[in-house]
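Each chain, letter by letter, is given below.
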2 protein chains.
Amino acid sequence: MLFVNPITYYKKCICEYNGTAYSGWQFQYGQSTVQGEIEAALKLLYGERISTVASGRTDAGVHALAQVFSFSTNIYRSNHAIAQALNSMLPRDIAILRAEDAEEGFNAQFCALHKTYKYMILNRQSRAALEYDRMWFRRDYIDVDRMNALLQVICGTHDFSAFCVAKSLKENCVRTVNFAEAHRDGEQITVRVNASGFLHNMVRIIVGTAVDFSIKKMTEADMKNMLDSRNRRRGGVTAPAQGLYLEEVFYD
Amino acid sequence: MLFVNPITYYKKCICEYNGTAYSGWQFQYGQSTVQGEIEAALKLLYGERISTVASGRTDAGVHALAQVFSFSTNIYRSNHAIAQALNSMLPRDIAILRAEDAEEGFNAQFCALHKTYKYMILNRQSRAALEYDRMWFRRDYIDVDRMNALLQVICGTHDFSAFCVAKSLKENCVRTVNFAEAHRDGEQITVRVNASGFLHNMVRIIVGTAVDFSIKKMTEADMKNMLDSRNRRRGGVTAPAQGLYLEEVFYD
């Protein structure tokens, strides 16, 4: 008779990664993915296959400062041992910041209330050498006050069809943006967007549009027209993946 | 009769690089070096071999935010064209920030008055995933006030034999450190050291020693003893290359 521990341990892990080398979070056969690396390490730690659920997928090249993933298992391991063991097995561009006990049934995706993404822009004359895989280089001067005025337009609850990859449009594109703010520190501009949910490429299209519209001295009315059009073609470029960081995921 | 332009143009260039992929600044046969890449690009731009002189060599894996190098040539190119052309030819981890006219006889090494190096430490429980090639990860908590007290000891003019790679000791190891300061911002510690000249690995030994001594709760007297001993073996570890950045070079 096989002994099965009747207790299920629900775990919540916070991890950091440099997305440059990965085809995103989500497992894909034959591709390097963050989930693939983490599940391979979990299998070694637990001796059995463990499925993880992240707060959300990140695309190829997108980084995370504090991605959250959950899993459950009948095998006991201390939180300290989980973090230590995974960090010793994971590649150097993925690190577990900590492992925690989670409430029964905890699911990092469905329990997430809202998330903050950070986007980094290098705004100067010469391209990035140190930050080439972590920032978006834009040579044209970006007026951050104008950018903030444009970002203000998309705050609140709207149909964000115009800010979503056209081919991945869902039936319901209504989302609530709690804040969207740009801040300049010398030649670096940081944009933070917090929302209850994000459409595919939503942050990158918001940032790309706000930057493009700022440089072209377009107004809040233009931003409003784009939003109301629900037409992706009316917007600016999709800012590249390497400037995007999943910064924080909020739970109850 | 060959026409030779009687005018010599002296140029000063400021460049940024991520040192991870390079065996340092200095040209070496069969190795990837920053100088090798820049001189290869200059040769394409000018159609002849151009020799560069940097403010100082940086070791393998060390980065630069504003390395300065000089060269001279009889061929005219505008400063804008130099920067643009080099940036289009250089690998993405090396960028020319700007090119300037320099006074006659300008030499980036001999004309440098003093330099500031920055050293970045990640001080937290889990290792760096995003910054693994740009910071030194130390798990033990570092008391920055103690570190500053220790760093204060080495400020001023001293014989820095104890803070130099033993095998590269020179006859005269007297240098003047103008300031050495540590600053904490969350889990990141930044150390800045400014001096009129540096011995081989001097900043890395200063930082490694200050960190080690801080963790071991050693005192200013211990730091003074090490300095006075002129014996490298009395000091702490050499902090690894990846946390070091040449930040600024000062000229008249």
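Keep in mind it's a predicted model, so treat the numbers as computed, not measured.

Draft legend 1. Quick look at the pairing of strand 8 (residues 174-185) of chain A. Residues and elements named next belong to chain A. Note: strand 7 (residues 156-159) against strand 8, 4 bridges, orientation antiparallel. Note that in strand 8 the partner of His-158 across the bridge is Arg-175. With 8 bridges connecting them, strand 8 and strand 9 (residues 188-195) associate as antiparallel partners. Among the inter-strand pairings, Ala-180 is bridged to a residue of strand 9, identified as Val-193. Following strand 8, the chain reverses through 2 residues before pairing antiparallel with strand 9; Gly-186 in that reversal takes a positive phi of roughly 65°.

Draft legend 2. Region of the structure containing the relation of the copies chain A and chain B. Overlaying chain A with chain B gives an RMSD of 0.0 Å, the required rotation being 180° about an axis along which the chain moves by 0.0 Å. What the superposition gives is, in effect, a two-fold axis relating one chain to the other. Distance from the rotation axis, computed per C-alpha, reaches its smallest value in chain A at Glu-131 of chain A: 5.4 Å. In this assembly the copies share their binding face: 100% of the residues contributing to the interface of chain A also contribute to that of chain B.

Draft legend 3. Representation of the interface of chain A and chain B within the structure. The interface of chain A with chain B comprises 28 residues on the first partner and 28 residues on the second. Counting the contacts that link chain A with chain B gives 6 salt bridges. Residue Glu-131 of chain B is joined to Arg-134 of chain A by a salt bridge in which the shortest nitrogen-to-oxygen separation is 3.4 Å. There are 20 residue pairs in polar contact (both at pLDDT 80 or more) connecting chain A and chain B. Secondary-structure elements contributing two or more residues to the side of chain A that touches chain B are strand 1 (9-17), strand 3 (63-73), helix 2 (79-89) and strand 4 (94-101) of chain A. Tallying contributions element by element places strand 4 of chain A first for the side of chain A that touches chain B, with 4 residues.

Draft legend 4. Fine view of the packing of helix 3 (residues 144-154) of chain B against helix 4 (residues 202-215) of chain B. Residue and element names in this part refer to chain B. As a packed pair, helix 3 and helix 4 sit with axes 9 Å apart at the nearest point and diverge in direction by 135°. The orientation of helix 3 relative to helix 4 falls into the category oblique. Relative to helix 4, the crossing made by helix 3 is right-handed. Together, Arg-146, Met-147, Leu-150, Leu-151 and Ile-154 of helix 3 and Ile-206, Ala-210, Val-211, Phe-213 and Ser-214 of helix 4 make up the contact between the two elements. The residue inventory of the contact of helix 3 with helix 4, partitioned by class, reads 8 nonpolar, 1 polar and 1 charged.

Draft legend 5. A look at the domain arrangement of chain A. Residues and elements named next belong to chain A. What the domain assignment reports for chain A is domain 1 (9-101) and domain 2 (114-250). For domain 1 and domain 2, the distance between their C-alpha centroids amounts to 28 Å. Contacts between the two partners involve 16 residues from domain 1, matched on the other side by 15 residues from domain 2. Both faces combined, the contact of domain 1 with domain 2 buries some 1100 Å², and carbon together with sulfur accounts for 54% of it. Here domain 1 is connected to domain 2 by 1 salt bridge. Where Arg-204 meets Asp-59, a salt bridge forms, and the shortest distance between an N and an O atom there is 3.8 Å.

Draft legend 6. Examining the packing of aromatic side chains more closely. All told, the structure shown has 20 aromatic pairs over all chains when counted by the stated rule. Plain terms: the ring middles of Tyr-117 of chain A and Phe-198 of chain A are 4.9 Å apart, the flat faces sit at 85° to each other, and that makes the pair edge-to-face. Of this pair, Tyr-117 of chain A sits in strand 5 (residues 114-123) while Phe-198 of chain A sits in the loop between strand 9 and helix 4 (202-215); the two residues are 81 residues apart in sequence, bridging distant segments of the chain. Residue Tyr-117 of chain A shares its accessibility class with Phe-198 of chain A, and that shared class is buried. Their ring planes at 65° and their centres at 6.0 Å tell us that Phe-160 of chain B and Phe-163 of chain B sit as a pair that is edge-to-face. Put simply, the rings of Tyr-17, Trp-25, Tyr-46, Phe-69 and Phe-71 of chain A touch in pairs and so form one group of aromatic residues. Cation over ring: Lys-118 of chain A sits above Tyr-245 of chain A, and NZ or CZ is 5.2 Å from the ring centre.

Draft legend 7. Representation of the pattern of salt bridges. Taken as a whole and judged by the stated rule, the model has 28 salt bridges over all chains. The residue Arg-134 of chain A makes a salt bridge to Asp-133 of chain A at a minimum N-O spacing of 3.1 Å. For Arg-134 of chain A, a relative accessible area of 2% gives the class buried. On the basis of relative accessibility, which here comes to 12%, the residue Asp-133 of chain A falls in the buried class. A salt bridge links Asp-212 of chain B to Arg-138 of chain B; its shortest N-O distance comes to 3.2 Å. Here Arg-138 of chain B lies in strand 6 (residues 136-138) and Asp-212 of chain B lies in helix 4, a separation of 74 residues in the sequence. Comparing Asp-212 of chain B with Arg-138 of chain B, the two get one shared label, buried. Three or more residues are tied together by salt bridges with common partners; here these are Glu-131, Asp-133 and Arg-134 of chain A together with Glu-131, Asp-133 and Arg-134 of chain B.

About the cut-offs
Residues numbered from 1 in each chain as written. Chains lettered and ligands numbered in written order. Predicted model: local features only at pLDDT ≥ 70, side-chain atom pairs only at ≥ 80, totals over all residues. Heavy atoms only, no water. Pairing = 2+ DSSP bridges. Helix = DSSP H or I, 4+ residues; strand = E, 2+ residues; numbered from the N terminus. Least-squares fit on C-alpha atoms with pLDDT ≥ 70 in both. Contact = heavy atoms within 4.5 Å. Salt bridge = Lys/Arg side-chain N within 4 Å of Asp/Glu carboxyl O. Polar contact = N/O pair within 3.5 Å; in protein donor to acceptor, adjacent residues only side chain to side chain. Axes fitted to C-alpha atoms, helices over the stretch in contact; angles between N-to-C directions. Parallel < 35°, antiparallel > 145°, perpendicular 65-115°, else oblique. Left-handed = near helix turned anticlockwise from the far one by under 90°. Nonpolar A, V, L, I, M, F, W, Y, C, P; charged D, E, K, R; others polar. Domains from an automatic or database assignment. Buried area = accessible area lost by both parts, 1.4 Å probe. Phe/Tyr/Trp six-rings, centres within 6.5 Å; stacked < 30°, edge-to-face > 60°. Buried < 20%, exposed > 50% of the residue type's maximum accessible area, 1.4 Å probe, protein only. Lys NZ or Arg CZ within 6 Å of the ring centre and 35° of its normal.

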